[in-house]
Amino acid sequence: MPKPTEDPQLEQRVEALEQQVEQNTAAIADLDARVLALENAVTTPTPPTPEPPDGTWGGVAPPLVDHTLPEPEEPEPEPGEGGLAVVIRAASGETVYEEAGAENLGDYVDPDGAFVQHCYRAPRQDDALPGLTVWFRPDADGGRQEVVVELGVPLVAGLTPANLGAYTAEIWDGDELVAEISVPSHPWYARWRWQSAPRPVRVSRETLIASGKVPHYDGTVLGQFIADLAPQTYTTMGFSGMVTGMGWTGDRPDIGILTGWAAQWLCKGNNTETVIAQGEASGTISMHLRDPETSAPLDLIRDYPTLTSYPNGGDPIVPMIKGIVTYDSGHSPACSYLPWLLTGDVYYLEALQFQANIEIIGEPASGRYTWAGRYGAWPLRNKLYAAVASPDDPPRWLLARSVFHQHMEGVRAEALKDMASEDLILSVFRARQFGGSQGTPAHPSGTYAVFWQCAFESLVYGMCVQLGYDEWSEVLTWKIDSEVQRTNGEAWPRSAPCPYNTGLVYTCSLTAAITDADTFVPVDHYSGGPWPVEPFQVKCQNEVMTVIDKSDVALWEVTRSAPVAHAAGQVLVGPTYLSWLEAGMRAVAMHPEDVPHMPNDPTGMNELYNETSGSVGYAQYVRAALAVAVRNGVAEAASSYAWIDDQFTQHNRSGWHPAWGWCIT
């Protein structure tokens, strides 16, 4: 093999590499020595520091050195690292819901700073218990636990509304069984809860009344002869003394601006347990419809403005099925507002939102806010209470105050339309509840007002002002004029300020059939009294006739332009009354049973009729509406309220007194 050619550059590169190897070898030796020293330091004990003879160093105690490593901080537990579990034992088998792994939906912060409450939603298990949701809601400080069990979720494909039969729910905290609840049945959209401790009552009735958050109840005088309402308790899926078939008629203690039990507490403070029990009973109402995405009650302003349960009334349609409680918005109880005021419990706040919503959902989307009378008053009451209770910036599982304020504005817009109307029924009599569907010969359908229901409206309008919504002042002043005119002693016989039905249109009926050729029509005794001067028009079914002679009160002469035959009993509807004086004169002449007078007061203008125990019923609604109006700045109502309040005070006795719910001053 030939000798390689000499290369000076290659030799230089080799020499440099050799130098680098020597440096690396030295570095490795140095590292080995350092490792050995460290190992010796670990295995060789540190010699003790010699103590000075007198225990001090130069008269100063040596510093204490703590060589103990600090314990690592424990992170705040999240679902998935412990917590409660709920075991549902139903006919279909056993299903477990755990706080571990539940979704954190955010905290509710009590506005008074009393508590912060977490909210975790456990995953639904629709294959086992379709539509059943379990919520874990512990307080942030660990002092209180809560579990909420709801059945029913709207707008989820594959979930068909179906009530659940009896089951048992076990609440476990680790290996400890802390509660076992027997649920007799569970309707769709109903709920119940378990809580380790109820939230305490934190406000007195005197403070609440003084704050204006409730009507100014005072039973000092008017409550002297009122018996206490029977105390009530709550059992799972019970209704705590309230009527489950809400459409039942008659005066009941669960109807009013608050329930009678709540009013009794505000007057006497002696039935706290019943008030709280009825707040719990709100869960039995099939009204708990949550957005499946946000978990909040459905936002019917921004997200679902046309959602309804009314057949063909909007889109989407949310079907409802019969539960334990048959809901009726014109007879619904305000069972959650006072419990919320007393405790601040967000469970009751949610109930206020759900109840306001269920009444909106029950109407067609095109007519959410058009009802008047009791079907306008109590739904507005519920919107008002939800607005007052709701936070401005809630966690995702609640709605904001602004949502319910907008619903209130929808109602107010309809009222403003009526205020602008030139129709005499509205411009003179302020009767938003007019027409009637349960007519009699005395008051045929479509011709009378139900002023006791109008008083409900006036009362709620007044509470809107009292609770801070000053824009309702104009509506209140306009509406309360009806109650003023029936109690000021000027035109209407105020001995009976609120008949059950009050005719505002002239009417009578045919006593025999007529043919299309008849020009004399036989009419009943309602044709007497102060009718307008002839000629005037009347309408019989769809035919308009002109009355040209009524000198014979039983047989009127008429002219007819398009005559048809009519059967006996058909109603002749004449002009609308022009004034309260005309309405009063007609009532006294033709309907004396509606406006009875005290024997020593034949004009009916000086003394409230009080000879029968039933006569207090409708008058108490008028008095309460006037009381709230006066407290909220309607000066025009002051003299009327003074008169009727004095009458109630004078005549108050056993057998004649208001109910607890109407002891408002």
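These numbers come from a predicted model, not from an experiment. (Residues numbered from 1 in each chain as written. Predicted model: local features only at pLDDT ≥ 70, side-chain atom pairs only at ≥ 80, totals over all residues. Heavy atoms only, no water.)

(A) Structural view of the sheet that holds strand β14 (residues 502-503). With antiparallel pairing, the three strands of this open sheet are ordered in space as β12-β13-β14. Here the strands that pair on one side only, and so sit at the sheet edges, are β12 (434-435) and β14. For strand β13 (residues 448-449) and β14, the ladder comprises two bridges, and the chain directions are antiparallel. Bridge pairing links Y448 to G503 in β14. (Pairing = 2+ DSSP bridges. Helix = DSSP H or I, 4+ residues; strand = E, 2+ residues; numbered from the N terminus.)

(B) Summary view of the sheet that holds strand β11 (residues 191-195). One open sheet holds the five strands; their spatial order is β3-β6-β7-β8-β11, and the pairing between them is antiparallel. Two strands close off the open sheet at either side, each with one partner strand: β3 (103-104) and β11. Direction of pairing for strand β8 (residues 146-151) relative to β11: antiparallel, over a ladder of five bridges. Across the sheet, the residue bridging to E150 is R191, located in β11.

(C) Quick peek at the packing of aromatic side chains. One pass over the structure, following the stated rule, counts 25 aromatic pairs. Plain terms: the ring middles of Y347 and Y348 are 6.2 Å apart, the flat faces sit at 70 degrees to each other, and that makes the pair edge-to-face. An identical accessibility class is assigned to Y347 and Y348; each is buried. Ring centres of F536 and W556 lie 5.9 Å apart, and the angle between their planes is 90 degrees; this geometry places the pair in the edge-to-face category. Taken together, the positions of F536 in strand β17 (residues 536-540) and W556 in strand β19 (residues 555-560) put the pair 20 residues apart, joining distant regions of the chain. Each member of the aromatic cluster is reached from another via a ring pair, and the members are W378, W452, F456, Y500, Y618, Y621 and W662. (Phe/Tyr/Trp six-rings, centres within 6.5 Å; stacked < 30°, edge-to-face > 60°. Buried < 20%, exposed > 50% of the residue type's maximum accessible area, 1.4 Å probe, protein only.)

(D) Quick look at the side chain of S329. Within the secondary structure, S329 sits in the loop between α4 (272-281) and α5 (337-343). The contact partners of S329, leaving out residues within four places of it in the chain, are E359, R374, Y375, W378 and P379. (Contact = heavy atoms within 4.5 Å.)

(E) Examining the packing of helix α13 (residues 616-631) against helix α14 (residues 638-651) more closely. For the pair α13 and α14, interaxial distance at closest approach is 9 Å and the crossing angle is 135 degrees. Considered as vectors, α13 and α14 are oriented oblique to each other. Taken as a pair, α13 and α14 cross one another with a handedness that is left-handed. Counting all contacts with α13, which are made through V616, A619, Q620, V622, R623, L626, A627 and V630, the residues of α14 involved are A638, S640, Y641, I644, D645 and F648. When the residues that make up the contact of α13 with α14 are grouped by side-chain class, the tally is 10 nonpolar, two polar and two charged. (Axes fitted to C-alpha atoms, helices over the stretch in contact; angles between N-to-C directions. Parallel < 35°, antiparallel > 145°, perpendicular 65-115°, else oblique. Left-handed = near helix turned anticlockwise from the far one by under 90°. Nonpolar A, V, L, I, M, F, W, Y, C, P; charged D, E, K, R; others polar.)

(F) Looking closely at the environment of A90. Inspection of the secondary structure assignment puts A90 in strand β1 (residues 84-90). Here A90 is in contact with L129 and Y167, once residues within four sequence places are set aside.

(G) Summary view of the confidence of the model for the protein chain. Of all residues in the protein chain, 88% attain a pLDDT of 70 or more, and the chain-wide mean is 91. Low pLDDT (under 50) marks residues 41-69, which in the prediction has six contacts with non-local residues, meaning those over four places away or in another chain. Contacts of residues 74-80 to residues separated by more than four positions or lying in other chains number 10 contacts, the stretch itself having pLDDT below 50. (pLDDT = per-residue confidence, 0-100.)

(H) Spatial organisation of the state of the cysteines. Applying the stated criterion across every chain, the model contains zero disulfides. The thiol of C663 is unpaired, and the distance to the nearest cysteine sulfur, on C267, comes to 5.0 Å. The exposure class of C663 is buried, given its relative accessible area of 0%. (Disulfide = S-S within 2.5 Å.)

(I) Highlighting the packing of helix α10 (residues 451-466) against helix α11 (residues 473-485). The interhelical angle for the contact between α10 and α11, taken along N-to-C directions, is 150 degrees, at an axis separation of 9 Å. For the element pair α10 / α11, the angle class is roughly antiparallel. With respect to the hand of their crossing, α10 and α11 are arranged in left-handed fashion. Within the contact between the two elements, α10 uses F451, C454, A455, E457, S458, Y461, G462 and V465 and α11 uses S473, V475, L476, K479, I480, S482 and E483.

(J) Structural view of the pattern of salt bridges. A complete count under the given rule lists 32 salt bridges for this structure. Residue R191 is joined to E150 by a salt bridge in which the shortest nitrogen-to-oxygen separation is 3.4 Å. Residue R191 is located in strand β11, and its partner E150 is located in strand β8; the two are separated by 41 residues in the primary sequence. For R191, a relative accessible area of 0% puts it in the buried group. With relative accessibility at 3%, the residue E150 sits in the buried group. Across the pair E206 and R205 runs a salt bridge, and its minimum N-O distance is 3.7 Å. Its relative accessible area of 48% is what places E206 among the partly exposed residues. Residue R205 is classed as partly exposed on the basis of its relative accessible area, which comes to 23%. By sharing partners, the salt bridges in this structure join R137, R144, E146, E150, R191, R193, E280, R290, D345 and E350 into a single network. (Salt bridge = Lys/Arg side-chain N within 4 Å of Asp/Glu carboxyl O.)

(K) A look at the pairing of strand β10 (residues 176-183). Bridge analysis of strand β9 (residues 167-173) against β10 gives seven bridges, and the strand direction is antiparallel. Its bridge partner lying in β10, W172 is registered against L177. The hairpin formed by β9 and β10 contains two residues between the paired strands, and G174 there has a positive phi angle of roughly 65 degrees.

(L) Expanded view of the pairing of β17. Taking every second residue as pointing to the same face, the buried face of β17 carries F536, V538 and C540, while none of Q537 and K539 on the other face is buried. Where β17 lies against strand β20 (residues 571-576), two bridges are found, and the strand directions are antiparallel. Note that in β20 the partner of C540 across the bridge is L572.

(M) How the structure looks around unusual backbone geometry. Of the consecutive residues D315 and P316, the connecting peptide bond is found in the cis state with omega at 5 degrees. With respect to the element layout, P316 can be found in the loop between α4 and α5. Backbone torsion omega between E534 and P535 reads 0 degrees, so that peptide bond is classified as cis. Checked against the element boundaries, P535 lands in the loop between β16 (520-522) and β17. The backbone of S240 sits at a positive phi, close to 50 degrees, despite the residue not being glycine.

(N) Representation of the nonpolar core in the model. Counting 132 residues, the largest nonpolar core has Y217, Y337, W472 and W556 as its most contacted members. The dominant element in this core, judged by the number of residues it contributes, is α10, at 11 residues. When sequence neighbours within four positions are dropped, the list of residues in contact with Y337 reads K213, V214, L258, L352, Y385, V388 and L467. Formed by 47 residues, the second largest nonpolar core is a distinct cluster that contains I88, V149, F239 and A351. (Core = buried A, V, L, I, M, F, W, Y, C linked by side-chain atoms within 4.5 Å.)

(O) Layout of α11. Its 13 residues give α11 an end-to-end C-alpha distance of 18 Å, which sits within 8% of 18 Å, the value for a rise of 1.5 Å per residue. Along α11, the sharpest change in direction is near 25 degrees and occurs at K479. Next to the buried residues of α11 lie α8 (401-419), α9 (424-427), α10, α12 (580-590), α13 and α14. (Expected span 1.5 Å × (residues − 1). Bend = angle between axes of the 7 residues up to and from the residue.)

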